[in-house]
Amino acid sequence: MTLEASESERPGAHPADSAPVELSVQDLHAYYGESHVLHGMSFDVPRGEVVTLLGRNGAGKTTCLKCIMGLLRQRKGSIRFSGTELIGMQPHRIARLGLGFCPEERGIYASMTAEENLLLPPKIQEGGMSVEEIYRLFPNLKERAKSQGTKLSGGEQQMLAIGRILRTGAKTLLLDEPTEGLAPVIVRQIGDIIKRLRASGYTIVLVEQNFQFASTVADRHYIVEDGKVMEMIPNADLHANMDKLREYLAV
Amino acid sequence: MIFDLLGVPPQALLGQLLLGLINGSFYALLSLGLALIFGMLNIINFAHGALYMMGAFVSWMLLTYLGIPFWPSLILAPLIVALFGMALERTMLSKLYHLDHLYGLLLTFGLALIIEGAFRTMYGVSGRVYPIPEILRGGTNLGFMFLPNYRAFVVVVALFVCLGVWFFIERTRIGSYLRAGTENPELLQAFGINVPRMITLTYGLGVGLAALTGVLAAPIYQVHPLMGFHMIIVVFAVVVIGGLGSMLGAIVTGLLLGVVEGFTRVFYPEASATVVFIIMAIVLLLRPQGLFGKR
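Worth saying up front: this structure is predicted, and the values here are computed from it rather than measured.

Engineer: I tried to follow the interface of chain B and chain A on my own but got confused; where do I start?
Structural biologist: Interfaces are often described in size by the accessible area the parts lose on coming together. Counting residues at the interface gives 17 residues for chain B, matched by 26 residues for chain A. Taking both sides of the interface into account, the surface hidden between chain B and chain A amounts to around 1800 Å²; carbon and sulfur atoms contribute 56%. In terms of surface lost to chain A, no three residues of chain B exceed Glu183, Ala190 and Phe191 of chain B, which account for 34% of the buried area on that side. Where chain B touches chain A, the interface holds one salt bridge. Where Glu116 of chain A meets Arg179 of chain B, a salt bridge forms, and the shortest distance between an N and an O atom there is 3.7 Å. Linking chain B with chain A are nine residue pairs in polar contact (both at pLDDT 80 or more). Broken down by secondary-structure element, the contributors of at least two residues to the side of chain B that touches chain A are α7 (173-183) and α8 (185-190) of chain B. Broken down by element, the side of chain B that touches chain A gets its largest block of residues, six residues, from α7 of chain B.

Following this line, the structure appears as structure tokens:
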């Protein structure tokens, strides 16, 4: 662990921990039509860790998740997930490798009830949670099961969006700003869920702007700016790096 | 009796009601396919009428050249036309999804002209007769009217197929993917569903429904290269009235307008060809999203 201080100065370097790297993004470039939005992004996600991509609006965090899922086709570089190269692969094939995606806008289907939303994503691997387990994790969802998905409160929709990918057996989750616009009590609840998922072996990539929240759940943070990873800060060193962080995240 | 009051004999009224129901069944099947295709592909399928005509023609060709009778044709012809449709989707339509609706409309309109033109070149403009299958010839006397068996059969089959498709979409797992794909295909694909393949199959299903309608229509109308052209204009009006993108709306509006047409033929025959368009104009003025459409 003494190595970590020097690790933080080499963004994207392989971690010193023994945990194997589950997801490795190297020199990722992405384009929206003519505009170049990711400029050589690199970072590693060790298996079983919660890793955040921290950065301002427009830094490229969401774009990065979309590249991983293959939803943004114009991408170059390398994205390896448990050894498989994802660049050039279609989104549905990528998902079937065991990735669960929870988009920023949550993506709850309006034409379906909460329960239909929960049951929608197909099982892609063994070992997913049962509906009962998900309801135990999110008791609110059970009460709202028959309501139209988009009639749920923001917090409930977020829980539904997370719960939905826990049924599928995906063991690596990409969560795009799950706490955005939610009340503190709900944010805490979602934080608890993330900690419980980590404890049961999930690997999680969390896109966040709220580093207070990020610091309560994550093992390490990658600071994203202008489509690049500027720095890696282990969670233990977060407070020592507060000034730097403020600078990066200041609006 | 209300019939006597209006000076219309009940036989005529019920006869027209039945005729209306048959037309309505065709409208329902065709507009259901159109709604399915529009929901998933974002394309207004102007080739729908031509594919309906192809259904009738393929069925006639199977009978004439290969001696394959009506019953196997009922499955075989829609399957053949659906495969043809899926090839069109893969090679042409799929290139247009990221563009405005207008491009899909133009392409499918062009395809309709080409398909209809090809059949006109091969078979001319005279209609061909498709005999009613032996077992469904004749009719049943219901006391108040004479019910031709084949026409009753058409209405029953159309209703079953419509209900089947509706059940498939609303109540099955694959149907839930279809609904989700209509709403947010990108996320659905990120859940692991092969959305491009699903789009192709949806087009195949919509086209298959059109062709099935053609097979059913063949013994009633003449098999004619332009039979789809006349049909499709009314069906588009039906779709506008029902609201694009609603399955149930397509089915109910189709049947309803068929019946309205039938009644108009009894009470004011001069308007029977235009009544659908008058209703369309009124709906567009009062409820532009259609009777079942969502804002």
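Engineer: What's the story with the sheet that holds strand β1 (residues 21-32) of chain A in this structure? I'm lost.
Structural biologist: The strands making up a sheet are joined through hydrogen bonds of the backbone, oriented either antiparallel or parallel. Residue and element names in this part refer to chain A. One open sheet holds the four strands; their spatial order is β2-β1-β4-β5, and the pairing between them is antiparallel. The open sheet is flanked by β2 (35-46) and β5 (84-85), the only strands paired with a single partner. Across six bridges, the pairing between β1 and strand β4 (residues 75-81) is antiparallel. In the strand pairing of β4, Ser24 is matched with Arg80. Against the sheet, helix α2 (residues 61-69) touches β1, β2 and β4, its axis set at about 110° to β1.

Engineer: Would you explain unusual backbone geometry in this entry?
Structural biologist: Glycine aside, a negative phi is what most residues show, and trans is what most peptide bonds show. For Asp226 of chain A, which is not glycine, the phi dihedral falls at a positive 45°. Counting through the fold element by element, Asp226 of chain A comes out in the loop between β9 (220-225) and β10 (228-234).

Engineer: Mind showing me how you'd approach the layout of surface pockets here?
Structural biologist: Here the idea is plain: a probe the size of a water molecule rolls over the atoms and shows the empty space left. Residue and element names in this part refer to chain B. Taken as a whole, the largest pocket encloses approximately 1400 Å³ of empty space. Around the largest pocket, the lining is made up of 42 residues, and of these Gly39, Met40, Gly181, Thr182 and Glu183 lie nearest the centre. Contributing elements (two or more residues each) for the lining of the largest pocket: α2 (10-41), α4 (70-91), α6 (149-171), α7, α8, α9 (195-217) and α11 (247-267). Tallied by class, residues from the lining of the largest pocket come to 19 nonpolar, 15 polar and eight charged.

The rules behind each value
- Residues numbered from 1 in each chain as written.
- Chains lettered and ligands numbered in written order.
- Predicted model: local features only at pLDDT ≥ 70, side-chain atom pairs only at ≥ 80, totals over all residues.
- Heavy atoms only, no water.
- Contact = heavy atoms within 4.5 Å.
- Buried area = accessible area lost by both parts, 1.4 Å probe.
- Salt bridge = Lys/Arg side-chain N within 4 Å of Asp/Glu carboxyl O.
- Polar contact = N/O pair within 3.5 Å; in protein donor to acceptor, adjacent residues only side chain to side chain.
- Helix = DSSP H or I, 4+ residues; strand = E, 2+ residues; numbered from the N terminus.
- Pairing = 2+ DSSP bridges.
- Axes fitted to C-alpha atoms, helices over the stretch in contact; angles between N-to-C directions.
- 1 Å grid on protein atoms, 1.4 Å probe; cavity = no way out; pocket = protein on both sides within 12 Å on 5 of 7 lines; lining within 4 Å.
- Points joined across faces, edges and corners; volume = space filled by probe spheres on them.
- Nonpolar A, V, L, I, M, F, W, Y, C, P; charged D, E, K, R; others polar.

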